Each structure stands twice: as C-alpha cells, then as structure tokens.
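These are the residues of each chain, in order.
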Amino acid sequence: MAVKLFGRKPAAPPEIKGFDPAWGDEEARTLREALARGKWREAHGALEATKGSWDDRQFLVEVLTDDLPGRPNWLDEWVEVYPQSAVAWTVRGAHGIKWGWTARGAGKAESVQDESWQIFWSRLEAAELDLYKAAELEPDDPVPWAYLVISARGMEKGIPEIGERLKQAHARRPWHHFAFSQALQGYAEKWGGSHELMFDLARQAAGAPDGASVHALVAEAHFERWLYILGWDKDDAGADTYWLAPTVGEELRAAAMRAVWSPRYERSRLAPFDHNFFTYCFFSAKDWESARRELEAMDGILIRSPWSYSGKPIELFRIVREHILKGK
C-alpha cells in the first residue's frame, strides 16, 4: 500500500514521456545541444573545470558521448586542437567504446556475426589507445580507467585484467560506482565470470562509507542474476519468484539504507542511475512502500538502465509506475 502523509495520499510522481538523455541536468542538456551542432569547445571548458570533481567528469563524459550518431568529426578535431588535454582523449575513447558496441549489438555472443566482431574489437582497440593516453596526461583521473574496465570486458581480457583496471580506478576515486558497475558486468557469468564472483564483488561494497552510491551494487547484482535466469536459463517460473525470496528483499533494503536512504548519501549528478535501479528492483520485490519512495526520488528523470533490457522500455516503465502507485 502507498505511504500516506497526515492521512492523505501523496501526490503522484510526475508523468514521464521518455528517456532523458541529459539525466535532468541543464548544463548537460545545453552541451548536448551544442555538440549536435558540432560545437565542442563549450564541452571542453566544462570538462576541464571538473578536474578533481571526478563524479562530475564521469557524468559529463557518459552523458555527452551517449546516443551519438556514427563517429562525429568533432571528436578528432577536439583531440587535434588540444592534444595535451586528457578530457579530449577521454571523450573520444569513451565514444569509441560505445561506437564499438553499436557494431556488436546488445544480443548474446552467438548472435554476433564474424565481421561485426572484427569491427567491434578494432574500435575497442582504438578506444583503449585514447584512454591510456588520457590516463597518462591526467594520472589522478579515474574516468579513463572506468572505461578501460568496459573495453577489457568487450575484448575478453579476463577477470584478472578487469580487476586490475578496477583497482586503478578505485585508487584514484575510492568506491567509484561507475567503475564498479562496469566491473560487475565483467564478473557476471554471461561475460565469462560467475554468479559467485559477481555477488562477491557487489558485497565488497559494504566496505564503502555510509552514503556511498556504490552500495547500490547489490541491487545491480540481483538484477543481473534475475536476468540470467530469464534470458539464459530460460526459467520463467524461477524468474517470477526470484525477487520474492526474503533474503533478496532484505539485501535490497540494506543496500538502500546505506546508499540512497542514508542521510550521508552523496547525491551526485549520477544519482538518477541509483533511483531508477532501486525503483525497478523494489517493484520486482513487490515492496511497494520502498518502490514508491524511489519512484518519487526519480523526480521525473528516466534513464535507460535498467529499463532498456525490455524491447519496449517506456511501456515497461509506465506499467511499473502504475503498479507502484496502486501498491499492487
């Protein structure tokens, strides 16, 4: 049942029509609009200003390189004009990884054609060169290492290498959530790891201080485990009951208490990721009170993860929202 305040049902969270590529951030929206016109200098200035504020840099690099058509010419121009700027190389490297994934596609490995694999790997190899150059130019920056975690997974470099790159990111920004999330993917069974390795990494996040976003890693691990039951084990009945196990609900609430519900929560510009994820997980666990709390915390900002696993993600979100508001 939905939470009531002073005996009155709270107002419904705002309607959402689609994904927000800027994650509700006005600066990011303005910069994305400028990049769409080939104007990259504003983005250069904004990213250079994030030196030392690594979560802000991670946010801007991720949002500004997402959903770009093809390989924009301004990426090369940016690097040519500012060859000693780490952010120029980071942006081109981050985009290179996403560009590579467009060739591979989001399907299972067996669905990828040989030619697509070659394009995928060649684009990742080029992205790695850019990211290593960025890491050399800005030794304290964890962001290039976070993306190198992704390329290690895509190039099948193995668990030890993914772990080493995660350590590099962690050394520069302790408990860097984006890097840990990407390592979690690499540790997952679907990428050659195991369920045990994945959960071991997620539960290591308990070592982070209260309020750290990385505590949400437990929710991400449960989502991945459920997705494996659904997509790889083909066990619809098992998938239907997975979230209802008492231990799953307990871990979700414990993670939220130390992350998004903590008074010390580091509400960075990456926070929409946490709230979107917890909303979906609490809905799946039929924990309606917690789900509504996170739906309200989303504040109308819908991002691709975790909704994009569905072929109709916007429709999925609307169904989830309706169930949460009804409390059933």
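Scroll up to find the structure this text is about.
Remember, predicted model here, so these are calculated numbers, not experimental data.

## Remarks on the overall build of the chain
Reasoning step 1: What the chain contains, in helices and strands, is 16 helices and zero strands.
Reasoning step 2: Relative to the 2.2 N^0.38 estimate, which gives 20 Å for 328 residues, the radius of gyration of the chain is 20 Å and therefore close to what a compact globule would have.
Reasoning step 3: Principal-axis analysis of the C-alpha atoms gives the chain an extent of 60 × 40 × 35 Å.
Reasoning step 4: Burial status across the chain gives 55% buried among its 328 residues.
Reasoning step 5: Taking the intrachain contacts of the chain between residues at least 6 apart in sequence as the baseline, contacts between residues at least 24 apart amount to 68%.
Reasoning step 6: Just so you have it, the chain exposes about 15,100 Å², and 52% of that area is on carbon and sulfur atoms.

## What about helix α3 (residues 54-64)?
Reasoning step 1: Within α3, 10 of the 11 residues are buried, leaving the element largely enclosed by the surrounding structure.
Reasoning step 2: When α3 is considered as a whole, its buried residues turn out to be W54, D55, R57, Q58, F59, L60, V61, E62, V63 and L64.
Reasoning step 3: Contacts made by the buried residues of α3 are with α1 (26-36), α2 (41-48), α5 (86-104), α7 (143-154), α8 (159-172) and α9 (177-187).

## A short note on the pattern of salt bridges
Reasoning step 1: Tallied over the full model, the rule gives 22 salt bridges.
Reasoning step 2: Of the charged contacts, one joins E138 and K51 as a salt bridge, the two residues approaching to 2.4 Å between their closest N and O atoms. One end of the pair, E138, is in the loop between α6 (114-137) and α7; the other, K51, is in the loop between α2 and α3, with 87 residues separating them in the sequence.
Reasoning step 3: For E138, a relative accessible area of 11% corresponds to the buried category.

Thresholds, definitions, all that
- Residues numbered from 1 in each chain as written.
- Predicted model: local features only at pLDDT ≥ 70, side-chain atom pairs only at ≥ 80, totals over all residues.
- Heavy atoms only, no water.
- Helix = DSSP H or I, 4+ residues; strand = E, 2+ residues; numbered from the N terminus.
- Rg over C-alpha atoms; globule rule 2.2 N^0.38 Å.
- Buried < 20%, exposed > 50% of the residue type's maximum accessible area, 1.4 Å probe, protein only.
- Contact = heavy atoms within 4.5 Å.
- Areas by Shrake-Rupley, 256 points an atom, 1.4 Å probe, with all protein chains shown as cover.
- Salt bridge = Lys/Arg side-chain N within 4 Å of Asp/Glu carboxyl O.

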